[in-house]
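Read off the chains here:
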Amino acid sequence: SVAAEETRFESMRIWRNRDRKERGICRTKYPLLMVHGVFFRDFKYFNYWGRIPRELEENGAVIYYGNHQSAASVRDSGGELAARIRQLVEESGCGKVNVIAHSKGGLDTRYAVSCLGMDKYVASLTTINTPHRGCVFADYLLDKIPDSVQLKVAEGYNLALRRLGDEKPDFLAAVGDLTASACEEFNRQVPDREGIYYQSVGSKLNRAAGGRFPLNFSHRLVEYFDGPNDGLVAENSFPWGENFTFLTTQGKRGISHGDMIDLNRENIRDFDVREFYVQLVSGLRERGL
């Protein structure tokens with residue numbers, strides 16, 4: 001039964017963590033800074049990263065969060081992250097941080113590192129399903145949808161985001177910075193900095209029905225304009241840095257944009273998201289980071 005399988009799986013996880021606890025395989029030299037993507041916030045009682053942080057901490061990781069607004073331009077979000085990184089370094093004395101950033105958070109962090117002097121405080125940047133080359137689908141929407149409709153939608157989102165704690169949410173600025181045209185210009189103006197280890201991760205949703213709403217709907221639209229994707233971002237937009245890891249499953253389901261942050265707290269056959277992050281961070285530790 002499903003319940004028996006879940007019990008077996010979770011029991012295996014508990015014993016595995018107990019067996020390796022002394023090794024502290026996620027105890028990196030520098031703490032982790034986990035940076036969320038667009039339209040979400042870091043909340044104490046609803047962790048953007050699902051069950052992942054607890055699993056990392058059980059294996060020795062020290063974790064901080066970006067705590068930036070959910071919807072703003074890359075420039076503004078990058079400014080917030082730069083302030084956060086300075087604060088962490090000054091208050092903790094950690095010297096540097098290892099950043100793990102999901103979705104737009106990867107672009108925000110790249111801006112903070114390359115344009116706001118954070119390269120001296122960042123040891124590594126791991127981007128998870130980040131649209132480094134943007135989304136052609138976003139260009140199409142902003143080109144075809146009338147300005148009046150865009151403003152109406154933006155007003156609704158901005159109102160909701162203010163209620164969630166954003167001081168100055170800007171829906172259109174956030175979406176505009178995710179277009180393929182905007183990212184092409186961004187990549188020209190925001191070069192990588194020496195001395196930082198850059199790596200990236202991406203995944204593919206094998207069919208629309210494999211994703212939860214609204215990714216099961218957006219998958220087909222993104223596929224029409226951009227090709228194979230995770231429900232939001234195309235496969236060819238993910239790679240960045242020295243190493244790139246591409247993930248999917250053997251079956252029909254695949255791995256969505258939300259699955260990569262354990263958004264639905266779901267155990268997926270052929271993909272253990274919590275263990276993936278444990279091994280990802282363990283790899284940073286092995287590099288002396």
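I will try to describe carefully the structure that is included in this document. Just so it is clear, the model here is predicted, and its values are computed rather than measured. (Residues numbered from 1 in each chain as written. Predicted model: local features only at pLDDT ≥ 70, side-chain atom pairs only at ≥ 80, totals over all residues. Heavy atoms only, no water.)

**What to know about the overall build of the protein**
Consideration 1: The helix and strand inventory of the protein stands at 10 helices and 6 strands.
Consideration 2: For the protein, the C-alpha radius of gyration of 19 Å lies close to 19 Å, the compact-globule estimate for 289 residues.
Consideration 3: The dimensions of the protein, computed from C-alpha atoms along their principal axes, are 60 × 50 × 35 Å.
Consideration 4: Buried positions account for 52% of the 289 residues belonging to the protein.
Consideration 5: At a minimum sequence separation of 6, the contacts of the protein that also span at least 24 residues come to 79%.
Consideration 6: Accessible surface computed for the protein: about 14,100 Å², of which carbon and sulfur atoms make up 52%.
Consideration 7: The positive charge centre, built from 39 side chains, and the negative charge centre, built from 39, are 4 Å apart in the protein. (Helix = DSSP H or I, 4+ residues; strand = E, 2+ residues; numbered from the N terminus. Rg over C-alpha atoms; globule rule 2.2 N^0.38 Å. Buried < 20%, exposed > 50% of the residue type's maximum accessible area, 1.4 Å probe, protein only. Contact = heavy atoms within 4.5 Å. Areas by Shrake-Rupley, 256 points an atom, 1.4 Å probe, with all protein chains shown as cover. Lys, Arg positive; Asp, Glu negative; His and termini not counted. Charge placed at Lys NZ, Arg CZ, Asp CG, Glu CD.)

**Quick notes on a positive patch on the surface**
Consideration 1: There is a patch of like positive charges on the surface, built from Lys 21, Arg 23, Arg 27 and Arg 285.
Consideration 2: If you trace the backbone, Arg 23 turns up in the loop between helix H1 (2–20) and strand E1 (32–35). (Patch = residues over 30% accessible without salt bridge, like charges linked within 9 Å, V, L, I, M, F, W, Y side chains within 5 Å. Salt bridge = Lys/Arg side-chain N within 4 Å of Asp/Glu carboxyl O.)

**A short note on a nonpolar patch on the surface**
Consideration 1: A cluster of nonpolar residues, Tyr 140, Leu 141, Ile 145, Val 149, Val 153 and Tyr 157, forms a patch on the protein surface that exposes about 460 Å² of accessible area.
Consideration 2: Secondary-structure elements contributing two or more residues to the nonpolar patch are helix H5 (136–144) and helix H6 (147–163).
Consideration 3: Ranked by residues supplied to the nonpolar patch, first place goes to H6 with 3 residues.
Consideration 4: Along the chain, Leu 141 turns up in helix H5.
Consideration 5: Judged by relative accessible area, which is 31%, Leu 141 ranks as partly exposed.

**A short note on the nonpolar core**
Consideration 1: If you look at the biggest cluster of nonpolar residues, it comprises 31 residues, and the most contacted ones within it are Leu 32, Trp 49, Leu 56, Met 260, Phe 271, Phe 276 and Tyr 277.
Consideration 2: The set of elements that each furnish at least two residues to this core consists of E1, helix H2 (52–58), strand E2 (63–65), strand E4 (122–128), strand E5 (197–203) and helix H10 (273–286).
Consideration 3: The element that contributes the greatest number of residues to this core is H10, accounting for 7 residues.
Consideration 4: Leave out the neighbours within four places in its chain, and Met 260 touches Ile 52, Ile 128, Asn 129, Val 201, Ser 203, Leu 247, Ile 255, Phe 271, Val 273, Phe 276 and Tyr 277.
Consideration 5: Among the nonpolar cores identified, the runner-up in size contains 19 residues, and Val 35, Ile 85, Val 122 and Tyr 198 belong to it. (Core = buried A, V, L, I, M, F, W, Y, C linked by side-chain atoms within 4.5 Å.)

**Observations concerning the packing of aromatic side chains**
Consideration 1: A full pass over the atoms with the stated rule returns 6 aromatic pairs.
Consideration 2: Between Tyr 48 and Trp 49 the ring centres are 5.5 Å apart and the planes differ by 75°, which places this aromatic pair in the edge-to-face class. With respect to burial, Tyr 48 and Trp 49 carry one shared label: buried.
Consideration 3: Between the aromatic rings of Phe 271 and Phe 276, the centroid separation amounts to 6.1 Å while the plane-to-plane angle is 50°, which identifies the pairing as tilted.
Consideration 4: With a relative accessible area of 8%, Phe 271 lands in the buried category.
Consideration 5: Given the relative accessible area of 16%, Phe 276 is considered buried. (Phe/Tyr/Trp six-rings, centres within 6.5 Å; stacked < 30°, edge-to-face > 60°.)

**Digging into the sheet that holds strand E3 (residues 97–102)**
Consideration 1: Pairing is parallel across the open sheet formed by 6 strands, whose spatial order is E2-E1-E3-E4-E5-E6. With partners counted over all chains shown, the strands left at the sheet margins are E2 and strand E6 (243–247), one partner each. In this sheet, neighbouring strand axes are inclined to one another by 20° on average, regardless of whether the strands run parallel or antiparallel. (Pairing = 2+ DSSP bridges. Axes fitted to C-alpha atoms, helices over the stretch in contact; angles between N-to-C directions.)

**Looking at empty space enclosed by the protein**
Taking a probe equal in size to a water molecule and rolling it over the atoms shows the remaining empty space.
Consideration 1: Counted under the stated rule, the structure contains 1 cavity of 30 Å³ or more.
Consideration 2: Estimated volume of the largest cavity: approximately 40 Å³.
Consideration 3: Considering the residues around the largest cavity, the lining is formed by Asp 259, Asp 262, Leu 263, Asn 264, Arg 265, Glu 266, Ile 268 and Val 273.
Consideration 4: When its residues are assigned to classes, the lining of the largest cavity shows 3 nonpolar, 1 polar and 4 charged. (1 Å grid on protein atoms, 1.4 Å probe; cavity = no way out; pocket = protein on both sides within 12 Å on 5 of 7 lines; lining within 4 Å. Points joined across faces, edges and corners; volume = space filled by probe spheres on them. Nonpolar A, V, L, I, M, F, W, Y, C, P; charged D, E, K, R; others polar.)

Everything listed is a geometric property; what it means functionally is a separate question.
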